[in-house]
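Breakdown of the fold
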Amino acid sequence: MACTSLPKHPLTFFRAPNPRIPLSAATPTLPMATHSQIYGLRLSTNTTSSLPPPSFPQRMLICSKVSKGDVPPSFTLKDQEGKNVALSKYKGKPVVVYFYPADETPGCTKEACAFRDSYEKFKKAGAEVIGISGDDPSSHKAFATKYRLPFTLLSDEGNKVRKQWGIPGDLFGTLPGRQTYVLDRKGVVQLVYNNQFQPEKHVEETLKLLQSL
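Residues numbered from 1 in each chain as written. Predicted model: local features only at pLDDT ≥ 70, side-chain atom pairs only at ≥ 80, totals over all residues. Heavy atoms only, no water.

One pass over the full model with this rule turns up twelve aromatic pairs. Relative to Trp165, the ring of Phe99 has its centre 5.4 Å away and its plane inclined at 55°; by these criteria the two rings are tilted. You can see Phe99 sitting in strand β7 (residues 95-99) and its partner Trp165 sitting in helix α5 (residues 160-165), a full 66 residues away along the chain. The same class applies to Phe99 as to Trp165, namely buried. Residues Phe99 and Tyr181 carry aromatic rings whose centres are separated by 6.1 Å and whose planes lie at 80° to one another, so their mutual orientation is edge-to-face. Here the residue Phe99 occupies a position in strand β7, and Tyr181 occupies one in strand β10 (residues 179-183), the gap between them amounting to 82 residues. The same class applies to Phe99 and to Tyr181, which are both buried. Members of the aromatic cluster, joined through ring pairs, are Tyr98, Tyr100, Phe115, Tyr119, Phe122, Phe143, Tyr147 and Phe151. (Phe/Tyr/Trp six-rings, centres within 6.5 Å; stacked < 30°, edge-to-face > 60°. Helix = DSSP H or I, 4+ residues; strand = E, 2+ residues; numbered from the N terminus. Buried < 20%, exposed > 50% of the residue type's maximum accessible area, 1.4 Å probe, protein only.)

The structure is reproduced here in C-alpha cells:
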C-alpha cells in the first residue's frame, strides 16, 4: 500500500469567534456555484454555505491499494465505442493507465491533450495509453472526437475500478483523484504518479519511466 503522509504541523484556519458576536456573524460564508469552472463538479445549489472550523488529526494518510511492484486487479470496461476492453489484452507490452476526474473539464482536457501530443513517443516506446473516468461511453466518444484523442478511453461507471485500485480522492474526498500507473510487459506496476493540479506532468513522468524500462 502506497501512502503519502501529510505534515504534523497544526493548521489554523479560523480565529476563535468573539463570544459577543452571534455565531452566524462570526462564521464566514463563501458563495457556492452549481458548476465548478475548474473541475466540472456538481456542488450544492445553495447560494451560501457556512464553513465550521475544520478538525484535523495530527497526521493524515492518503493511501492507494495498488503500489509499485504490485499486479493490479484486472478489469473489463467499455470503451468509447461501447466495446468491452480487458486489461489483460495489453499483457506483453507496457501500458499507461491514467485515471482522471471527468471529461470536458479544464484539467482533464489538458491532460488528455498532453497524452495526445506525445502519443507518438508512447508508440515509439511500445506502450499503450488508456484513460479511465466515471463518464459513460457516449461522453467518452464525444470527448475523444472533439480533441482527436488517438487512445482508448474506458468507462468506469460507478467508479468500481477506481475503488478496487484504491485511488485516493482530493480535497478531502470531494474530488476524484488524478492518478497514473505504468505497468511493464508482465503487468507489474512500475510507477504510481498522483498530481491533481499539474495534469501535464503525468505525461512527463510516464515517458521518463518508459524510457528506462
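Now that the structure has been shown, we can carry on.
Across three bridges, the pairing between strand β5 (residues 76-79) and strand β6 (residues 84-86) is antiparallel. Bridging across to β6, Thr76 finds its partner in Ala86. Linking two consecutive strands that pair antiparallel, namely β5 and β6, is a turn of four residues; a positive phi of about 85° is found at Gly82 within it. Strand direction decides the pairing type here: β5 and strand β9 (residues 152-155), joined by two bridges, are antiparallel. Within the sheet, the bridge partner assigned to Asp79 lies in β9 and is Leu154. (Pairing = 2+ DSSP bridges.)

Judged by pairing direction, the sheet is mixed, and its seven strands sit side by side in the order β6-β5-β9-β8-β7-β10-β11 without closing on themselves. Bordering the open sheet on either side are β6 and β11 (189-194), each of which pairs with just one other strand. On average, each strand axis in the sheet is tilted by 30° relative to the strand beside it, whichever way the strands run. Note that β7 and strand β8 (residues 128-133) share five bridges and pair parallel. Directly across from Val96, in β8, lies its bridge partner Val129. Along the sheet, helix α4 (residues 137-146) makes contact with β5, β8 and β9, crossing β9 at roughly 155°. (Axes fitted to C-alpha atoms, helices over the stretch in contact; angles between N-to-C directions. Contact = heavy atoms within 4.5 Å.)

Take the side chain of Thr109 next. In this structure, Thr109 sits in helix α2 (residues 106-117). With a relative accessible area of 12%, Thr109 lands in the buried category. For Thr109, the residues in contact, after removing those within four places along its chain, are Glu104, Phe143 and Tyr147.

In this section: the nonpolar core. In this structure, Tyr98, Phe115, Phe122, Val129, Leu149, Phe151 and Leu153 are the most contacted members of the largest nonpolar core, which totals 25 residues. Looking at this core, the elements that each hand over two or more residues are β7, α2, α3 (119-124), α4, β11 and α6 (201-210). At five residues, the largest contribution of residues to this core is made by α2. Once residues within four sequence positions are removed from consideration, Phe151 is found in contact with Gln80, Tyr98, Ala112, Phe115, Arg116, Tyr119 and Val129. Val66, Phe75, Phe99 and Ile132 belong to the second largest nonpolar core, which has 18 residues in total. (Core = buried A, V, L, I, M, F, W, Y, C linked by side-chain atoms within 4.5 Å.)

What follows covers the environment of Ser155. With respect to the helices and strands, Ser155 occurs in strand β9. Spatially, the C-alpha atoms of Ser155 and Asp136 are 5.3 Å apart, while their sequence positions differ by 19 residues. Ignoring anything within four residues of it in the chain, the contact list for Ser155 reads Leu77, Lys78, Ser133, Asp135, Asp136, Pro137 and His140.

Let us now look at the pattern of salt bridges. In the structure shown here, the tally under the stated rule is eight salt bridges. Where Glu128 meets Lys93, a salt bridge forms, and the shortest distance between an N and an O atom there is 3.3 Å. You can see Glu128 sitting in strand β8 and its partner Lys93 sitting in the loop between β6 and β7, a full 35 residues away along the chain. On the basis of relative accessible area, Lys93 is assigned to the partly exposed category, the value being 31%. Measuring nitrogen to oxygen at the nearest pair gives 3.7 Å for the salt bridge that ties Glu205 to Lys201. In this pair, Glu205 and Lys201 both sit in helix α6, four residues apart, roughly one turn of the helix. Lys201 gets classed as partly exposed once you look at its relative accessible area, which sits at 26%. Taken together, the shared-partner salt bridges connect Lys201, Glu204, Glu205 and Lys208 into one network. (Salt bridge = Lys/Arg side-chain N within 4 Å of Asp/Glu carboxyl O.)

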